[in-house]
Amino acid sequence: MGRETPKQQQVSYTVEQLVAVNPYNPDILPDLENYVNEQVSSQTYSLDANLCLLRLYQFEPERMSPQIVARILVKALMAMPAPDFSLCLFLIPERVQMEEQFKTLIVLSHYLETGRFRQFWDEAAKSRHIVEAVPGFEQAIQTYAIRVLSLTYQKIPRPVLAEAINIEGLSLDKFLEHQAANSGWILEKGHGRGQLIVLPRNEFNHPELKKSAADTVPLEHITRIFPILG
Amino acid sequence: MATGYDYEEAPGTYDDANHQDIGYDPNFVPDSVKSFVVHLYRHIREKNVYEIHQMYEISFQTLSDRLFKDTPWPSVDAVAHYVDNDQVFCLLYREMWFRHLYARLSPTLKQRIDSWDNYCSLFQVVLHRVVNMQLPNQWLWDMVDEFVYQFQSFCQYRAKMKNKTEQEIALLRQFDQAWNVYGVLNYLQAFVEKSNIIQILEQEKEGGEQFTATDGYDYSGGSNVLNVLGYFSMVGLLRVHCLLGDYQTGLKCLLPIDISQQGVYTSVIGSHIATIYHYGFANLMMRRYVEAIHEFNKILLYIYKTKQYHQKSPQYEQILKKNEQMYALLAICLSLCPQVKLVEETVNSQLREKYGEKMARMQRYDDEAFAIYDELFSYACPKFITPSAPSFEEPLVNYNQDAYRLQLKLFLYEVKQQQLLSGVRTFLKVYSTISLGKLANYMEVDETTLRSILLTYKHKTHAVDSDGKIISNADLDFYIDDDMIHVVESKSVKRYGDYFLRQIVKLEGVITDMDRIKLE
């Protein structure tokens, strides 16, 4: 299946070059498929290469590998909040999307797009075979969850956070300690309801931080009135 | 499914070869045509770009209207001896011949295949030989535009297998390379590469090259054909990728062109509109609504101001059609992302006139709303294609709507996910702070569901741009402190600095004028 070369680094560099220079070429299909597997095993990601492959599958549907497509979709899910998952779906024929494993992935994407994290983790647990095939999946989704929560909350109750990142009990304590030490999280006591986590300040959960670019005037514009002032 | 999506076919019986032959003698060359080709040939040889443009744009149209309303022009064989049997001129003549055919009549399968062959020959000449011509940008744009259009048309035609005759099926099998997607994409890519246009545009920014400044023309005795075809091919690639549903790559192909500035793409109105239409559409599908709104607004204003100058042009109808389609797309974008500040006064009033009522209904997100989203999308979207070769197995089916159905379905799916957001927006407009419990009550959902809805709002209104930065396109925003929602209205900050600058310059102008007045 995969072409084993001792110089793994060079293979991926060449694939990226192929995609940039000669993308409309059916001969590079095996390279692109190998590259997907490499992205999975080395926890890297390339949307452009994967789109290139999905296009080739579109041009020659008999050569499509559902397993590779599923892996591409899982990687795309891990790239959230980027819209990569839907960008990939645009290139996958409807009848393929009706297959069971793809329906599951679409449901998972739907839950993530609509902030339904509890439903997401429940469904993911039922589909371990799909998601466990891609290392780094859990962490990627947890990172996305924290991103969205950071846009939304200044202070978030512990149970809400726990549900979103699917960590509880002692593991959660450890996780929170780590975040407090390294990412500026602050742990407070909520009024009678347990812990409250204060998330780092950014312009989205603290609107006063929004840089008002509106009223800055570039120097070139001021030069217009130098003759008048002078 | 809305009936707004119709593959437009030229008048005339579909694939009825006889219709074309009525009263048509391919070997009869009227005097006016003889004169036309002789003069055009001379102007091309002498590189009189202005005269070429006049003949191409005006004379060709006039003769077509007068003599060839519903028949093809004389065959290239009949006119060849008037132009020294010049190979390149004959290829150019044939290109115009086929374009006329597609516009006024229905091409047969054989003609479609022959047109493909002609493009291949013509493009090979430009790519591999030193071509010593200067052609008007209008013509070069039309070549790329027509090339992509005929490809799209062929895919639509090929996907309707159900009523194909045995003869047609045999031809399709025999000429399976005609209009194949690899060929089309690789020709466009070859133009981009061979012309080195990307490097030329880069170097121009640093002052090293001259391209935009001369509108792509070569004033040092060379040829503009390869460079300008390379340039327009980037727009061609954007268009093809949109037809395939690959919006990300399409936008990437367009990247070397800076659409915030004038450029060679604005030198031809058809190219300007095609570029922005596809750019806007791709951004819409990638959920970059603010970007789409920004560009649609600009071009719709431009068309409003300049369309009167194009009334006599053969592109006028196309301009009007694209104008209407972009208003529909703008209506969609603004319904999904209410940002009225981004739309200019004139455009806004046109928009209200055409789609005011529909936009109000779209924002209700009920069944009727989805029907309207469906209708507008179907009316305004590109003619998506299935690029793969057809299956010749029985039973033969029509699958020409498959690609469109998929894009529509995924688009409506996205709309559905945003369904709950308009409810949230209504409440956020009214309150400055409100507890989660209370809002959940008003919206008749439980608190957990409300938290999900609020996360969805944040996620959908904060898009990730091409550099990975988060951009908020929310007109109304909020943050949550434990169980309290605090609403933040993004006030439009008055641009005092700009205002004062303008007034200072204006006052200076008035004083200068007054100084000039001599009182008796």
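Per an unreviewed UniProt entry, chain B goes by the name Eukaryotic translation initiation factor 3 subunit L and belongs to Hibiscus sabdariffa. For chain B, the Subunit (unreviewed entry) comment in UniProt is given as "Component of the eukaryotic translation initiation factor 3 (eIF-3) complex."

As annotated in an unreviewed UniProt entry, chain A carries the name Eukaryotic translation initiation factor 3 subunit K and comes from Hibiscus sabdariffa. Within the UniProt record for chain A, the comment given under Subunit (unreviewed entry) is "Component of the eukaryotic translation initiation factor 3 (eIF-3) complex."

Trainee: Which residues make up the interface of chain A and chain B, and what are the values?
Mentor: The interface of chain A with chain B comprises 64 residues on the first partner and 58 residues on the second. Carbon and sulfur atoms supply 59% of the area buried between chain A and chain B, which totals about 5,400 Å² over both sides. Per-residue buried area on chain A facing chain B is highest for Tyr 24, Phe 59 and Phe 90 of chain A; these three make up 15% of the total on that side. Our enumeration of links across chain A and chain B arrives at 5 salt bridges. Here Glu 113 of chain A makes a salt bridge to Lys 460 of chain B, at a shortest N to O gap of 2.7 Å. One can count 23 residue pairs in polar contact (both at pLDDT 80 or more) joining chain A with chain B. For the side of chain A that touches chain B, the leading source of residues is helix H3 (residues 47–59) of chain A, giving 7 residues. Here the residues of the side of chain A that touches chain B are counted per class, giving 38 nonpolar, 13 polar and 13 charged.

Trainee: Explain the nonpolar core residue by residue, including any values.
Mentor: Residue and element names in this part refer to chain B. The biggest cluster of nonpolar side chains holds 243 residues, and the ones touching the most others in it are Leu 135, Trp 139, Tyr 231 and Phe 411. At 13 residues, helix H11 (residues 225–244) tops the list of elements feeding residues into this core. Setting aside chain neighbours within four positions, we find Tyr 231 in contact with Ile 197, Leu 201, Phe 211, Ile 257, Gly 263, Val 264 and Tyr 265.

Trainee: Help me get a handle on the sheet that holds strand E1 (residues 433–435) of chain B, residues and values and all.
Mentor: As summarised here, the arrangement of the 6 strands in space is E2(A)-E3(A)-E1(A)-E4(B)-E5(B)-E1(B), forming an open sheet in which the pairing is mixed. Strands at the two margins of the open sheet, each flanked by one partner only, are strand E2 (186–189) of chain A together with E1 of chain B. Taken over all neighbouring pairs, the strand axes of this sheet differ in orientation by 30° on average, direction set aside. One ladder, built from 6 bridges, connects strand E4 (residues 476–481) of chain B with strand E5 (residues 484–489) of chain B; its direction is antiparallel. Residue pairing in the sheet places Phe 478 of chain B in a bridge with Val 487 of chain B of E5 of chain B. Its contacts with the sheet place helix H10 (residues 137–152) of chain A against strand E1 (153–157) of chain A together with E4 of chain B, and it is angled at close to 115° to E1 of chain A. Docked against the sheet, helix H19 (residues 421–430) of chain B engages E4 and E5 of chain B, running at close to 80° with respect to E4 of chain B.

Trainee: Outline the packing of helix H2 (residues 29–42) of chain A against H3 of chain A, supporting the account with residue identities and numerical values.
Mentor: All names here are of chain A. Running from N to C, H2 and H3 point in directions that differ by 135°, and their axes come no closer than 10 Å. Judged by the inter-axis angle, H2 sits oblique to H3. The element H2 and its partner H3 pack so that their crossing is left-handed. Taking contact as the criterion, the partners of Leu 29, Leu 32, Glu 33, Tyr 35, Val 36 and Gln 39 in H2 are, on H3, Ala 49, Asn 50, Cys 52, Leu 53, Leu 56 and Tyr 57. Looking at the contact of H2 with H3 residue by residue, the class counts come to 9 nonpolar, 2 polar and 1 charged.

Trainee: Talk me through the pattern of salt bridges; I want residue IDs and the actual numbers.
Mentor: In total, this model carries 30 salt bridges over all chains according to the counting rule given. For the salt bridge of Glu 94 of chain A with Lys 409 of chain B, the shortest nitrogen-to-oxygen distance reads 3.5 Å. Of this pair, Glu 94 of chain A sits in helix H6 (residues 94–97) while Lys 409 of chain B sits in helix H18 (residues 402–417), which puts the two residues in different chains. Given the relative accessible area of 39%, Lys 409 of chain B is considered partly exposed. A salt bridge links Arg 118 of chain A to Asp 122 of chain A; its shortest N-O distance comes to 3.6 Å. Placement of the pair is Arg 118 of chain A and Asp 122 of chain A together in helix H8 (residues 117–126), with a separation of 4 residues, close to one helical turn. Overall, Arg 118 of chain A belongs to the partly exposed group, its relative accessible area being 41%. One network of salt bridges, in which partners are shared, links Glu 113 of chain A together with Arg 287, Glu 414 and Lys 460 of chain B.

About the cut-offs
Residues numbered from 1 in each chain as written. Chains lettered and ligands numbered in written order. Predicted model: local features only at pLDDT ≥ 70, side-chain atom pairs only at ≥ 80, totals over all residues. Heavy atoms only, no water. UniProt positions renumbered as here; feature names shortened; annotations may be inferred. Contact = heavy atoms within 4.5 Å. Buried area = accessible area lost by both parts, 1.4 Å probe. Salt bridge = Lys/Arg side-chain N within 4 Å of Asp/Glu carboxyl O. Polar contact = N/O pair within 3.5 Å; in protein donor to acceptor, adjacent residues only side chain to side chain. Helix = DSSP H or I, 4+ residues; strand = E, 2+ residues; numbered from the N terminus. Nonpolar A, V, L, I, M, F, W, Y, C, P; charged D, E, K, R; others polar. Core = buried A, V, L, I, M, F, W, Y, C linked by side-chain atoms within 4.5 Å. Buried < 20%, exposed > 50% of the residue type's maximum accessible area, 1.4 Å probe, protein only. Pairing = 2+ DSSP bridges. Axes fitted to C-alpha atoms, helices over the stretch in contact; angles between N-to-C directions. Parallel < 35°, antiparallel > 145°, perpendicular 65-115°, else oblique. Left-handed = near helix turned anticlockwise from the far one by under 90°.

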